[in-house]
Amino acid sequence: MAFDFLEYWGEFFFFVVLVIGFLLAIASTSAMLTYLTVIAAGFMAGRLLYERKGKLQFPYVIIIIGFMIGYVLGAYYGNRLITLVLFILSIAFGYQLLKKGVIKDIRF
Amino acid sequence: MSEMHDLKAKVKKYYRFTPAELRGLVISILIIGFIVSFREWGPGNEVMLSVGLFNWFNSSLLAALTLLAFISAQKIVSLQAGLNAEYRMSMWALSFGLLVAFVSRGYIWFLIPGGIIFHHMAGHRLGWYRYDVNYFALAILSLWGPIANIVLAIIFKIINGFIFHPMFQKAIALNLVFAVYSILPIPPAAGNKVYFGSRMLYAFSLVLVVAAAVFLWIDIPIWIAIGGALAVAVVGWLLYYTIWEKDMWQSPYAKMREK
């Protein structure tokens, strides 16, 4: 049975970002770098969710969860629980900064 | 000839950078310089501040040249077409570039500092068949950025043939990598506008830029590199058409419409 990309793109990218998250985490050489990377990724995820506000959001949430699982699994340096909490907090923080207009997005 | 005079006058009058553009350019140049010089902060894993700062400064100069060539080419051709190009830094893309540099320990350069926004110059657009800003025009104008970087790399390669210097090698590498990144269809990059302007043009230009980058990097004569890149681009363009684009007329959307 052929894979229907248009039907299952959310699941497809779930696995893609899971692998990317895992590789990104194992590439990190220190706990500080692990935390900084996850904060930056969280900001990007917050931006993605803000971008999808009022539109189809669920597949993107799945994709973000995929990244989170991959990253937490691959995080060798640093505490996994702290990594997870930082990721969730930075998503919320990034989302709020965009919502309040502190960070402005440019449409290219 | 009159067109040249017109362009000269437009460049004289409108070719300038706004304070916001200058601020964005300076930040972009410093960050690109840092990414490029990431592995040159001392011997091995040791960090020597004086060596690092010197290399950062040198890399920033090269980044300035690369970015100015890219933006100037787009600005000038835009003026010719009655549009005004404005550079906008993307903090997201620059942050991602920095992150990639740290994670990969400087082995991977992610060089997409920002993008260009085109403004319609009402008076100067008079007489054009497509008066409004349109996707195809933006695609053509955006494409001049990566082409300018390829031309700059060719110039550096010619100079490097006479006076060998590691700085020229670095300038060639930077311009080629920058050209390849800028042709990617990621929103701040110029390739995004080319892709949405015309898929056929994108197929040609993507193969052209990547092939030119590969051929100019390997040790072959420049004229073979240019000719080879053009030949590969034509083949890539034809392949794209026969394999993919031709069948797009029977796309899922077209089939769905038929039902």
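Throughout this description, residue numbers start from 1 for each chain and increase along the sequence as written. Chain letters start at A and ligand numbers start at 1, both assigned in the order the entries are written. Residue-level local features of this predicted model are given only where pLDDT is at least 70; pairs of side-chain atoms are given and counted only at 80 or more, and the full residue set underlies all totals for whole chains, interfaces and linings.

### Describing the overall build of chain B
We count a stretch as a helix when DSSP gives it H or I for four or more residues in a row; a strand needs E for two or more, and each element gets its number in order from the N terminus. In terms of regular secondary structure, chain B is built from 10 helices and two strands. In sequence order, the secondary structure elements of chain B are arranged as α-α-α-β-α-β-α-α-α-α-α-α. The C-alpha atoms of chain B give a radius of gyration of 20 Å, which matches the 18 Å a tight globule of 259 residues would have. The C-alpha extent of chain B, read off along each of the three principal axes, is 65 × 45 × 40 Å. Once C-beta atoms are placed from the backbone, each residue is buried if 20 or more other C-beta atoms lie within 10 Å of its own, exposed if 12 or fewer, and partly exposed for counts between those two. Residues counted as buried form 38% of the 259 residues belonging to chain B. Two residues qualify as a contact pair if the distance between their C-beta atoms, derived from the backbone, is within 7 Å. The contacts in chain B between residues at least 6 apart in sequence include a share of 70% that link residues at least 24 apart. Computation of the radius of gyration draws on C-alpha atoms alone. For the globule rule, the value is 2.2 Å times the number of residues to the power 0.38.

### Some details on the overall build of chain A
When helices and strands are counted, chain A shows four helices and zero strands. Along the chain direction, N to C, the helices and strands of chain A fall in the order α-α-α-α. Overall, the C-alpha framework of chain A stretches about 45 × 40 × 25 Å when taken along its three principal axes. For chain A, buried positions account for 28% of its 108 residues. Looking at chain A alone, contacts between residues at least 24 apart form 80% of all its contacts between residues at least 6 apart.

### Some points on the nonpolar core
Residue and element names in this part refer to chain B. Here, a nonpolar core means buried Ala, Val, Leu, Ile, Met, Phe, Trp, Tyr and Cys residues linked by C-beta atoms lying within 7 Å of one another. V209 and A212 are the most contacted members of the largest nonpolar core, which has 86 residues in total. Tallying contributions element by element places helix α5 (residues 135–162) first for this core, with 12 residues. In contact with A212, other than residues within four places in its own chain, are I150, A225 and A229.

### Concerning unusual backbone geometry
Of note, R105 of chain B is a non-glycine position whose phi angle comes to about 55°, a positive value. You can call R105 of chain B partly exposed: it has 13 C-beta atoms within 10 Å.

### Brief notes about the confidence of the model for chain B
pLDDT gives the predictor's per-residue confidence on a scale running from 0 to 100. When pLDDT is averaged along chain B, the result is 89, and 96% of the positions lie at 70 or above. Predicted complex, confidence summary: ipTM 0.75, pTM 0.86.

### Section: helix α1 (residues 5–27) of chain A
Bend at a given residue is defined as the angle between two axes, one fitted to the seven residues that end at that position and one fitted to the seven that begin there. Most pronounced at E11 of chain A, the bend in α1 of chain A amounts to some 40°. All of the buried residues in α1 of chain A are V17, L18, G21, L24 and A25 of chain A. In this structure, the buried residues of α1 of chain A make contact with α2 (31–51) and α3 (58–74) of chain A together with α4 (91–103) of chain B.

### Details of the interface of chain A and chain B
Counting residues at the interface gives 11 residues for chain A, matched by 14 residues for chain B. At the level of secondary structure, the elements contributing two or more residues to the side of chain A that touches chain B comprise α1 and α2 of chain A. The biggest single contributor to the side of chain A that touches chain B is α2 of chain A, with five residues. Across the side of chain A that touches chain B, the residue classes break down as eight nonpolar, two polar and one charged. Under the grouping applied here, Gly and all other residues not named as nonpolar or charged are polar, the nonpolar ones being Ala, Val, Leu, Ile, Met, Phe, Trp, Tyr, Cys and Pro and the charged ones Asp, Glu, Lys and Arg.

### With respect to the packing of helix α2 (residues 19–36) of chain B against helix α3 (residues 49–80) of chain B
All names here are of chain B. Axis definition: a line fitted to C-alpha atoms, over the contacting stretch in the case of helices. Angles run 0 to 180 degrees between N-to-C directions. Between α2 and α3, the shortest axis-to-axis distance is 7 Å and the interhelical angle comes to 125°. Taken together, the axes of α2 and α3 are oblique relative to one another. Considering the relative orientation of α2 and α3, their crossing is right-handed. Between α2 and α3, the residues in contact are L25, S28, I29, L30, I32, G33, F34 and V36 and W56, S59, S60, A63, A64 and L67, respectively. The residue inventory of the contact of α2 with α3, partitioned by class, reads 10 nonpolar, four polar and no charged. Each angle gets one of four labels, with under 35 degrees taken as roughly parallel, over 145 as roughly antiparallel, 65 to 115 as roughly perpendicular, and the rest as oblique. Crossing handedness is defined as follows: a turn of the near helix away from the far one that is anticlockwise and smaller than a right angle gives a left-handed crossing, while the clockwise case is right-handed.

### Quick word on the pairing of strand β1 (residues 83–89) of chain B
All names here are of chain B. Burial along β1 is one-sided: L83, A85, Y87 and M89 are buried, and none of N84, E86 and R88, which face the opposite way, are. Here β1 runs beside strand β2 (residues 114–120); their pairing, made up of seven bridges, is antiparallel. Bridge assignment links N84 to a residue of β2, and that residue is H119. Strand pairing follows a simple DSSP-based rule, namely that at least 2 bridges must link the two strands.

### Some thoughts on helix α1 (residues 2–14) of chain B
Between the first and last residue of a helix there are one fewer steps than residues, each counted as 1.5 Å, and that sum is the expected span. A rise of 1.5 Å per residue sets the reference length of α1 of chain B, with its 13 residues, at 18 Å; its end C-alpha atoms lie 18 Å apart and thus fit the reference within 8%. Of all 13 residues in α1 of chain B, zero are buried, a share of ten percent or less.

### Focus: the environment of G197 of chain B
Residue and element names in this part refer to chain B. Along the polypeptide, G197 turns up in helix α7 (residues 190–197). Put simply, G197 and N134 are 63 residues apart on the chain and 8.1 Å apart in space, counted from C-alpha to C-alpha. Here G197 is in contact with Y135, F136, L138 and A139, once residues within four sequence places are set aside.

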